[in-house]
Amino acid sequence: MELWEAIKGRRSVRRFAERPVERERLERLVEAAVWAPSGGNAQTWRFVVLTTRNSVRRLKAVSPGLLGDPPALVAVCQDLAEVRRRGGTLGETFLAPVDAAMAAQNLLLAAHAEGLGTCVIASFHRGGVARLLGLEAAVEPILLVSVGWAAETPSPPPRREGRVAFTEVRQDVR
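Here is a short report on the structure shown in this document. (Residues numbered from 1 in each chain as written. Predicted model: local features only at pLDDT ≥ 70, side-chain atom pairs only at ≥ 80, totals over all residues. Heavy atoms only, no water.)

So, the overall build of the protein
The condition is simple: Strands here are runs of E lasting at least two residues and helices are runs of H or I lasting at least four, both read from the DSSP assignment and numbered beginning at the N terminus. When we talk radius of gyration, it's over C-alpha atoms, and the globule rule is simply 2.2 Å times the number of residues to the 0.38. Categorising residues by exposure relies on relative accessible area from a 1.4 Å probe, with only protein chains included: less than 20% of the type maximum marks a residue as buried, more than 50% marks it as exposed, and the intermediate range marks it as partly exposed. Accessible areas in this description were obtained via Shrake-Rupley with a 1.4 Å probe; residue shielding takes into account the shown protein chains only. Counting rule for charge: Lys and Arg are taken as positive, Asp and Glu as negative, and neither His nor the chain ends is counted. Charge positions come from single atoms, namely NZ of Lys, CZ of Arg, CG of Asp or CD of Glu.
When you go through the protein residue by residue, the secondary structure sums to six helices and four strands. Helices and strands in the protein line up, N terminus first, as α-α-β-α-β-α-β-α-β-α. Compactness check: the protein gives a C-alpha radius of gyration of 17 Å against a globular reference of 16 Å for 174 residues, within 12% of the reference. Reported as C-alpha extents along the three principal axes, the dimensions of the protein are approximately 60 × 40 × 30 Å. Per-residue burial for the protein yields a buried fraction of 40% across its 174 residues. Counting only carbon and sulfur atoms, one obtains 51% of the accessible surface of the protein, whose full area is about 10,700 Å². For the protein, the distance from the average site of its 24 positive side-chain charges to the average site of its 19 negative ones is 5 Å.

Put into structure tokens, the structure is as follows:
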């Protein structure tokens, strides 16, 4: 898949077919996430992949933003002890969430290239998710990503192209 096709074609999918996602595909998604940039090349993210209906159902109980019934879910987490050790307050308050978001974006684009649908979820109880995933005390979930075969693919929402960004090239910056 061509890059611009992936960027413009990816959608947030909330309705999934009842079809499992193969382990090999999920491993490729996590590999794509690991290749995302990270502040200071710290690579403090951690990924937990759930593929059982019961595990996803239990997570839904503490995740109001998790819609539909995805056959797989990826928790994008950060090892905050390692983040603090490597980046201090800046690492914890800025780099950790940005690094998680960049990893998630790589995962989303890779999933789209694999023919899968995804949706990023930020509305969840962090403590509840951490407990259900059995995370170490210093590891905190930052984002959840539902993954599966789309039962329905939404149309692209309109973009506010003229009002969002502008480009100015200056040759004489001092």
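Some details on the side chain of Ser38
Convention followed: Pairing of N or O atoms within 3.5 Å defines a polar contact, subject to two protein rules: one partner must be a possible hydrogen donor and the other a possible acceptor, and residues neighboring in sequence count only if both atoms are side-chain atoms. Working rule for contacts: check all heavy atoms of both residues, and any pair within 4.5 Å makes them a contact.
If you trace the backbone, Ser38 turns up in the loop between helix 2 (23–34) and strand 1 (45–50). At a separation of 3.2 Å, a polar atom in the side chain of Ser38 contacts the main-chain amide nitrogen of Ala42. Apart from the residues lying within four places of it in its own chain, the contact partners of Ser38 are Gln43, Trp45 and Asp99.

Remarks on a nonpolar patch on the surface
Our working rule: Distance thresholds for patches are 9 Å for like charges and 5 Å for nonpolar side chains (Val, Leu, Ile, Met, Phe, Trp, Tyr), applied to residues having over 30% relative accessible area and no salt bridge. Any Lys or Arg side-chain nitrogen found within 4 Å of a carboxyl oxygen on Asp or Glu counts as a salt bridge.
Residues Leu3, Trp4 and Ile7 make up a contiguous nonpolar surface patch of roughly 330 Å² in combined accessible area. On the secondary structure map, Trp4 appears in helix 1 (residues 3–9).

Concerning helix 4 (residues 80–113)
Where we set the bar: To estimate the expected span of a helix, count its residues, drop one, and scale the result by 1.5 Å. In this scheme, the bend at a residue equals the angle between the axes fitted to the seven residues that finish there and the seven that begin there.
Taking 1.5 Å as the rise per residue, helix 4 with 34 residues should run 50 Å; its terminal C-alpha atoms sit only 31 Å apart, a clear shortfall. Along helix 4, the helix axis deviates most sharply at Gly87, where the bend reaches about 130°. The opening residue of helix 4 is Asp79, an N-cap whose side-chain oxygen sits 3.2 Å from the backbone nitrogen of Ala81. Following helix 4 by one or two positions, Gly115 has its phi on the positive side, about 85°.

Quick look at the pattern of salt bridges
Considering all chains together, one arrives at twelve salt bridges under this definition. We note a salt bridge from Arg46 to Asp79, for which the minimum N-O separation is 3.5 Å. In this pair, Arg46 sits in strand 1 while Asp79 sits in strand 2 (residues 72–79), placing the two residues 33 residues apart along the sequence. Relative accessible area serves as the criterion here: at 34%, Arg46 is assigned to the partly exposed category. You can call Asp79 buried: its relative accessible area is 13%. Each of the salt bridges in this network shares a partner with another, and the network as a whole consists of Glu22, Arg25, Arg28 and Glu114.

Notes on the packing of aromatic side chains
Put simply, the rule is: Aromatic rings from Phe, Tyr and Trp, taking only the six-membered ring of Trp, are treated as a pair when their centres fall within 6.5 Å; an angle between ring planes under 30 degrees marks them as stacked, one over 60 as edge-to-face, and anything in between as tilted. The criterion is that NZ of a Lys, or CZ of an Arg, lies within 6 Å of the ring centre and within 35 degrees of the ring normal, and then a charge sits over that ring.
Evaluated as defined, the whole model comprises one aromatic pair. Taken together, a centroid distance of 6.3 Å and an interplanar angle of 45° make the contact between Trp45 and Phe47 tilted. The ring of Trp149 has Arg19 lying over it, and the distance from NZ or CZ to the ring centre is 3.7 Å.

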